[in-house]
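A closer look at the structure
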Amino acid sequence: MLEIEQKFRLTGNEPIEAGIAEMGAITLGEIMEEDHYFNAPDRDFAKTGEAFRIRRIGDKNFLTYKGPKLQQEVKVRRELEIDILPGQHAFESFREMLLALGYKFVAVVRKTRTEWKFKLHAFDMALCMDKVEKLGQFMEEIGRAH
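Counting restarts for each chain: residues are numbered from 1 in the order of the written sequence. Local features in a predicted model are, by the rule used here, given only for residues with pLDDT of at least 70; side-chain atom pairs are given and counted only at 80 or more, and totals for whole chains, interfaces and linings are based on all residues. With hydrogens and water set aside, each side-chain value is computed from the structure's full complement of heavy atoms.

1. Some details on the overall build of the protein
Inclusion rule: Helical segments are the DSSP runs of H or I of at least four residues, strand segments are the runs of E of at least two, and each set is numbered from the N terminus. To get the radius of gyration, use the C-alpha atoms; to get the globule rule, take the number of residues to the power 0.38 and multiply by 2.2 Å. Relative accessible area decides the class of each residue, using a 1.4 Å probe on protein chains only: under 20% of the type maximum gives buried, over 50% gives exposed, and in between gives partly exposed. By the convention used here, residues are in contact when the closest approach between their heavy atoms is within 4.5 Å. Surface accessibility in these figures is a Shrake-Rupley result with a 1.4 Å probe; residues are shielded only by whichever protein chains are displayed. Counted as positive: Lys and Arg. Counted as negative: Asp and Glu, with His and the chain ends omitted from the count. Charge positions come from single atoms, namely NZ of Lys, CZ of Arg, CG of Asp or CD of Glu.
A tally of helices and strands in the protein yields three helices and eight strands. Starting at the N terminus and ending at the C terminus, the protein contains elements arranged as β-α-β-α-β-β-β-α-β-β-β. What you see for the protein is a C-alpha radius of gyration of 16 Å, in line with the 15 Å of a compact globule of 146 residues. Considering only C-alpha atoms, the protein reaches an extent of 50 × 30 × 30 Å along its principal axes. Looking at the protein as a whole, 39% of its 146 residues qualify as buried. For the protein, contacts bridging at least 24 residues in sequence account for 53% of all contacts bridging at least 6. Counting only carbon and sulfur atoms, one obtains 57% of the accessible surface of the protein, whose full area is about 9000 Å². Side chains of the protein give 23 positive and 25 negative charges; the mean places of these two sets differ by 4 Å.

2. Details of the side chain of Thr-114
Here Thr-114 is to be found in strand β6 (residues 104-120). Judged by relative accessible area, Thr-114 falls into the buried class, the value being 18%. Those residues in contact with Thr-114 that lie beyond four places of it in its chain are Thr-27, Gly-29, Glu-30, Leu-127, Cys-128 and Met-129.

3. Remarks on the pattern of salt bridges
Pairs can form between side chains of opposite charge whenever their charged atoms are close. We apply this condition: When a carboxyl oxygen of Asp or Glu lies within 4 Å of a side-chain nitrogen of Lys or Arg, that pair is called a salt bridge.
Going through the model one piece at a time under the given rule, you end up with 17 salt bridges. Among the ionic pairs, Arg-53 bridges to Glu-81, the shortest N-O distance being 3.8 Å. You can see Arg-53 sitting in strand β3 (residues 51-57) and its partner Glu-81 sitting in strand β5 (residues 75-84), a full 28 residues away along the chain. With relative accessibility at 39%, the residue Glu-81 sits in the partly exposed group. For the salt bridge of Glu-115 with Lys-117, the shortest nitrogen-to-oxygen distance reads 3.2 Å.

4. Quick look at the pairing of strand β7 (residues 123-132)
Spelled out, the test is: A strand pair is defined by DSSP finding two or more bridges across the two strands.
With seven of its 10 residues buried, β7 lies for the most part within the structure. Bridge count between β6 and β7: 10 bridges; the pairing is antiparallel. Within β7, the residue paired with Lys-111 across the bridge is Val-132. Connecting β6 to the antiparallel partner β7 that follows it, the hairpin turn spans two residues, and His-121 within it adopts a positive phi of roughly 55°.

5. Section: the packing of aromatic side chains
Applied cut-off: Aromatic rings from Phe, Tyr and Trp, taking only the six-membered ring of Trp, are treated as a pair when their centres fall within 6.5 Å; an angle between ring planes under 30 degrees marks them as stacked, one over 60 as edge-to-face, and anything in between as tilted.
Taken as a whole and judged by the stated rule, the model has two aromatic pairs. Seen from their ring centres, Phe-38 and Phe-105 are 6.0 Å apart, and the 75° between their planes marks the pair as edge-to-face. Remark: Phe-105 occurs in strand β6 and Phe-38 occurs in strand β2 (residues 26-39); sequence separation between them is 67 residues. Accessibility expressed as a relative area gives 2% for Phe-38, which makes it buried.

This is the structure:
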C-alpha cells in the first residue's frame, strides 16, 4: 500500500472542524496512540527515510514499516502494517524480541488523535488532528492507495 501524507503544525486557533464537516467527513472520535520507534541493526532509518515502529492503540498492537520517501513535497512511501497480538504482554514480548534481534530503541511518541474519514476519488482519506506530547499540535492529511 502507498501512503501519501502531509503534516502541518497548528497554533490551536484554526477553525478546522467546521471545514472538515463541510467535506462530509465522519469523525472516529478521539484515541490515544503510543508509538515505539526502532532502528535496524544494519542501517540508520533517519538517514534512509524509513520508519519502523510498534503502535499501541488501547489494547491493540500494530507493527508498521514505512519505506523511504518517494517524494519530498508530499510524503509518499510504501507502508506495511500488520496486527500483532493484543495486550500489554504481547507488546512487551514483541519489543523484547526486536531488541534481541539487534533493533535499537529510538523513541516513544505519545499522542491524542482525533480522526475523520472520507473518500476522495479512488483514495481512502483521513484527516487527523494530533496533540503530540512535548511537541505540540499537528494536522495530518493521509491518503492510501491499494
